[in-house]
Amino acid sequence: MAISFPHAKKLKKHNGFHSADRITRIYPSPVCFYKLKEKNNSTVKSLVNVGDRVLRGQKIADIDSFNAVPIISSISGTILSVTDEMISIENDMLFDRIQPQFANLDSKSLSKEEYLWILRECGVCEVRTGIPLHVLLSIKKLPQYIILCCFDSDPYVSSPQGACIGNVPRILRTLELLMDITDVKHAIIAVENDMRRIFSDFKYRLRYNDDISLYSLKARYPQSDDNILVKTVTGKNIDDIDIILLSPETILNAELALKKSIPVMKKIVTVSGDDIIEPHNYNVPIGTTISSLLDISGYPSPRVVINGGIVDGEEIHDLDLPITPITKAILAFDDEKNIPKYRNSIK
């Protein structure tokens, strides 16, 4: 039976989750931009100069700090500009790739510190918050749970749900690896009750697993809020329990880093908005401009663009801003009347 919380709001879904069982890959824009300061991450410094040629997967910015994550180029090309805030790269469309840094390591013999260092060097952060994953996993006090939130309760966002489709075995294998690395004995997986296919896949593969619990939660807003989610699945306030809260996309990024030494170069982004265009999830190279993503999605010149969810996303006017490791959705409206009235009323 699905569970929920008091005063939950049922909002009409417009996230495209049921209409698309696949995530569409797109090519990066002719020029890609990389922010040197991201939410909940340290400001990093450029490692490249104007005119340098860089390769796909190459580290282009970093600082000498364990708590930071480097910036990784998602394309090959030439450095056009470097400022304190941004690096721009002209895409040569060759997609030449750098040799993986940790390709020849025996993952079975690695220590916890080595696992964490690989996650850092591959630029893995928690996509909901931007906090570096290696920082989350290195907290001194032993967490009671790792909680995996497989949905976003915002009715216009389905990028976490999309990350789960077809990837449940990979998610579970990597979740168990992260539990071993951190010595966490129990994990909780939370899905919405309208994610029947994903719930069934998890349930089947967990039928003999007593270390991972599966919860079906009613599709209500704001069920994916950290405080509400933790209270719903553990019965405790978030300040009264030690947990690590992760997303499925973060787990998949960790798998690529630890198993194949592939750094984070793409982000799953929901594009939704007016009813005239079917909502869809895209696998977008980081650094791609929002305008390029909207062109591909069928929104070449929208009147209103929102970065994030419909409830708490930020309206933006500069469409040359880039997709970042924490971009979850881009919402576009040709008619402002189609923006739901609850956008400005729900707190």
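None of the values given here were measured: they were computed from a predicted structure.

Caption draft 1: Up close: the overall build of the chain. Summing up its helical and strand segments, the chain has eight helices and 17 strands in all. In terms of overall dimensions, the chain has C-alpha extents of about 60 × 55 × 30 Å along its principal axes. Counting across all 347 residues of the chain, residues that qualify as buried make up 55%. Residue pairs in contact within the chain that sit at least 24 positions apart in sequence constitute 73% of those at least 6 positions apart. Counting only carbon and sulfur atoms, one obtains 48% of the accessible surface of the chain, whose full area is about 16,400 Å². Across the chain, the 42 positively charged side chains and the 44 negatively charged ones have centroids separated by 6 Å.

Caption draft 2: Focus on the layout of surface pockets. Reported here for the largest pocket is a volume of approximately 980 Å³. Contributing to the lining of the largest pocket are 36 residues, with Lys39, Arg128, Asp312, Ile326 and Lys328 lying nearest its centre. Those elements giving two or more residues to the lining of the largest pocket turn out to be helix 3 (159-164), helix 6 (226-234), helix 7 (248-260) and strand 16 (314-316). Sort the elements by how many residues they give to the lining of the largest pocket and helix 3 lands first, with three residues. Split into classes, the residues belonging to the lining of the largest pocket amount to 11 nonpolar, 12 polar and 13 charged.

Caption draft 3: Spatial organisation of the pattern of salt bridges. Counted by the stated rule, this structure contains 12 salt bridges. Residues Arg53 and Asp92 are paired through a salt bridge, measuring 2.8 Å at the closest nitrogen-oxygen approach. Taken together, the residues span a long stretch of sequence, with Arg53 in strand 4 (residues 53-54) and Asp92 in the loop between strand 8 (86-91) and helix 1 (112-121) at a distance of 39 residues. Arg53 sits in the partly exposed class, given a relative accessible area of 41%. For Glu121, the salt bridge goes to Arg120, with nearest N and O atoms at 2.6 Å. Residue Arg120 is classed as buried on the basis of its relative accessible area of 1%.

Caption draft 4: Spatial organisation of the state of the cysteines. Throughout the structure, instances matching the rule amount to zero disulfides. With no disulfide of its own, Cys32 lies 17 Å from the sulfur of Cys125, the closest cysteine sulfur. For Cys32, a relative accessible area of 0% corresponds to the buried category.

Caption draft 5: Structural view of the pairing of strand 9 (residues 145-149). Across the five residues that make up strand 9, a large majority, five, are buried. Of the two faces of strand 9, the one carrying Tyr145, Ile147 and Cys149 and the one carrying Ile146 and Leu148 are both buried. With four bridges joining them, strand 9 and strand 12 (residues 243-246) adopt parallel strand pairing. Across the sheet, the residue bridging to Ile146 is Ile244, located in strand 12. Where strand 9 meets strand 10 (residues 187-192), four bridges bridge the pair, whose relative direction is parallel. Note on strand 10: the bridge partner recorded for Leu148 is Ile189.

How each quantity is defined
- All residue numbers here refer to positions counted from 1 along the written sequence of the relevant chain.
- Residue-level local features of this predicted model are given only where pLDDT is at least 70; pairs of side-chain atoms are given and counted only at 80 or more, and the full residue set underlies all totals for whole chains, interfaces and linings.
- Computation of side-chain values: all heavy atoms of the structure, hydrogens and water removed.
- Where helices and strands are cited, they refer to DSSP runs of H or I of at least four residues and of E of at least two residues respectively, numbered from the N terminus.
- In this scheme, a residue with accessible area under 20% of its type's maximum is buried, one over 50% is exposed, and one in between is partly exposed, where area comes from a 1.4 Å probe on protein chains only.
- Any two residues whose heavy atoms approach within 4.5 Å at even a single point are treated as in contact.
- To measure how exposed things are, a 1.4 Å probe is used in the Shrake-Rupley method; for residues, cover is taken only from the protein chains shown.
- Charge assignment in this entry is limited to Lys and Arg as positive and Asp and Glu as negative, and neither His nor the chain termini are counted.
- Taken as the charge location is NZ of Lys, CZ of Arg, CG of Asp or CD of Glu.
- Buriedness of a pocket was judged along seven lines, with at least five required to meet protein on both sides within 12 Å; pockets are open sets of points on a 1 Å grid over the protein atoms alone, cavities are sets where a 1.4 Å probe fits but cannot get out, and lining residues have an atom within 4 Å of a point.
- Grid points are joined across faces, edges and corners, and a volume is the space filled by probe spheres set on the points.
- All residues other than Ala, Val, Leu, Ile, Met, Phe, Trp, Tyr, Cys, Pro, Asp, Glu, Lys and Arg, Gly among them, are scored as polar; the first ten of these are nonpolar and the last four charged.
- Whenever a carboxyl oxygen of Asp or Glu lies within 4 Å of a side-chain nitrogen of Lys or Arg, that contact is scored as a salt bridge.
- Whenever a pair of cysteine sulfur atoms sits within 2.5 Å, that pair is classed as a disulfide.
- For two strands to be treated as a pair, DSSP must find no fewer than two bridges joining them.

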